[in-house]
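Residue strings, one per chain:
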Amino acid sequence: MTRILVTGATGNVGAHVVRELRAHGADVRAFSRAVGDFDDPASLRRAFDGVDRVYLCAADGPAKVRHETAVIDAAAEHGVDRIVKLSAQHADRASDVPAYGWHGEIEAHLHRSGVPAVVLRPAFFMTNLLMVTASGTLPSPTAGRRVAMIDIRDVAAVAAVTLLEDGHTGRTYDLTGPAAITFAEAADALSVRFLDLTEEQARPRFENAGLPDWLAAQLAGVFALIRAGGFERVTDHVRTITGRPARDINDFAASLAPAN
Ligand SMILES: NC(=O)c1ccc[n+]([C@@H]2O[C@H](COP(=O)([O-])OP(=O)(O)OC[C@H]3O[C@@H](n4cnc5c(N)ncnc54)[C@H](OP(=O)(O)O)[C@@H]3O)[C@@H](O)[C@H]2O)c1
């Protein structure tokens, strides 16, 4: 049976990838800091023993390129026949939005490695909204622009299918939800108050939030792209790849409701 190594297996998306793959009856090996370290080559070698395919995702941060290229190199050494890489829309080595620059570099390394690959470039995750709605408001420096935000369960479902099914290697898929919506609509679905902010009003929130510099730059960059309409395009890949429609913001909100 094909054995699949899931890196970032305890992460937001990775945990769902493990669940999806197991639901398909796949042979899954989960990799996180509980069992190894991207910076520890011996732990990577152990993890790769007998592995055919890899889901690739390390945490965002300055170590990301080093971590993911180490996995790609180990995969090439072990003759892995497919990597499904979680990237991001707007991935570009030249980007000054930190994570998009890192993804661009990793994608380039992946293509150079010669390992057959599928690149998933999701739009804005709906779960991002939860980082700010805890206060009961959704601050939104989006200038009323729409975002084709996606539920991470759909990202994971696409990852599982492209790991298991043939016919996807060599492809890069921009993944989105079923519609581009405003943050006001998202606030409504999540039953929180919408707080319209200008870029000037939002900037100190990013700069004074005690975030690492790269994360403050990431958030500022993402909202600048949103205001430029960079997340408005809707694609149909979730439906065509998984065979069912992408979840919308109401499905996402329902998934947060406490079970009765
Ligand atoms: N947020 C968005 O809107 C958005 C949109 C598009 C793309 N993305 C991309 O999605 C990715 C993040 O996915 P995610 O949220 O699922 O990831 P995540 O929750 O940050 O998970 C990171 C995973 O990496 C593991 N990890 C961290 N350091 C490690 C190390 N040294 N050795 C081994 N494992 C290590 C963590 O394991 P432990 O649990 O053991 O720490 C965890 O399983 C990023 O690349 C981001 O750019 C995000």
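Scroll up a little and you will see the structure.
What counts and how
- The residue numbering used here restarts from 1 in each chain and proceeds along that chain's sequence as written.
- The predicted origin of the model limits local features to residues at a pLDDT of at least 70 and limits the giving and counting of side-chain atom pairs to 80 or more, whereas totals for whole chains, interfaces and linings rest on all residues.
- Just so you know, side-chain values use all the structure's heavy atoms and leave hydrogens and water out.
- Type-normalised accessible area, obtained with a 1.4 Å probe on protein chains alone, sets the label of each residue: buried when under 20%, exposed when over 50%, and partly exposed for intermediate values.
- Here a strand is any run of E in DSSP of at least two residues, a helix any run of H or I of at least four, and the numbering for each starts at the N terminus.
- Working note: the arc is built from the helix axis to C-beta atom directions.
- Contact definition: two residues touch when any of their heavy atoms are within 4.5 Å.
- Whenever two N or O atoms come within 3.5 Å, that pair is a polar contact, provided that in protein one can donate a hydrogen and the other can accept it, and provided that, for residues adjacent in sequence, both atoms are side-chain atoms.
- What makes a salt bridge here is a side-chain nitrogen of Lys or Arg within 4 Å of a carboxyl oxygen of Asp or Glu, nothing more.

### Digging into helix H11 (residues 249-256)
- Among all positions of H11, only Ile249, Phe252 and Ala253 are buried. Looking down the long axis of H11, one finds its buried residues gathered within 100 degrees of arc, a one-sided arrangement.
- Where H11 is buried, its residues contact helix H5 (130-133), helix H6 (152-164) and helix H7 (183-189).
- The opening residue of H11 is aspartate 248, an N-cap whose side-chain oxygen sits 3.0 Å from the backbone nitrogen of asparagine 250.

### Here we look at the pattern of salt bridges
- Using the criterion set out here, one finds 17 salt bridges in the structure.
- Lysine 64 is the partner of glutamate 68 in a salt bridge, and the nearest nitrogen-oxygen pair spans 2.7 Å. With glutamate 68 and lysine 64 both in helix H3 (residues 64-77), this residue pair falls four residues apart, about one helical turn.
- Note on glutamate 68: relative accessible area 0%, which makes it buried.
- Lysine 64 gets classed as buried once you look at its relative accessible area, which sits at 2%.
- With a shortest N-O distance of 2.8 Å, glutamate 68 and lysine 85 are connected by a salt bridge.

### Comments concerning unusual backbone geometry
- Despite not being glycine, alanine 143 shows a phi value in the positive range, around 55 degrees.
- The topology assignment puts alanine 143 in the loop between strand E6 (137-140) and H6.
- What makes alanine 143 exposed here is its relative accessible area of 55%.
- For serine 191, which is not glycine, the phi torsion reads 55 degrees and is therefore positive.
- Its location among the elements puts serine 191 in the loop between H7 and strand E8 (193-196).

### Quick look at the side chain of histidine 109
- On the secondary structure map, histidine 109 appears in helix H4 (residues 98-113).
- On the basis of relative accessibility, which here comes to 18%, the residue histidine 109 falls in the buried class.
- At 2.7 Å, the side chain of histidine 109 and the side chain of aspartate 73 are in polar contact.
- Discounting chain neighbours no more than four positions away, the residues touching histidine 109 are Thr69, Ile72 and Asp73.

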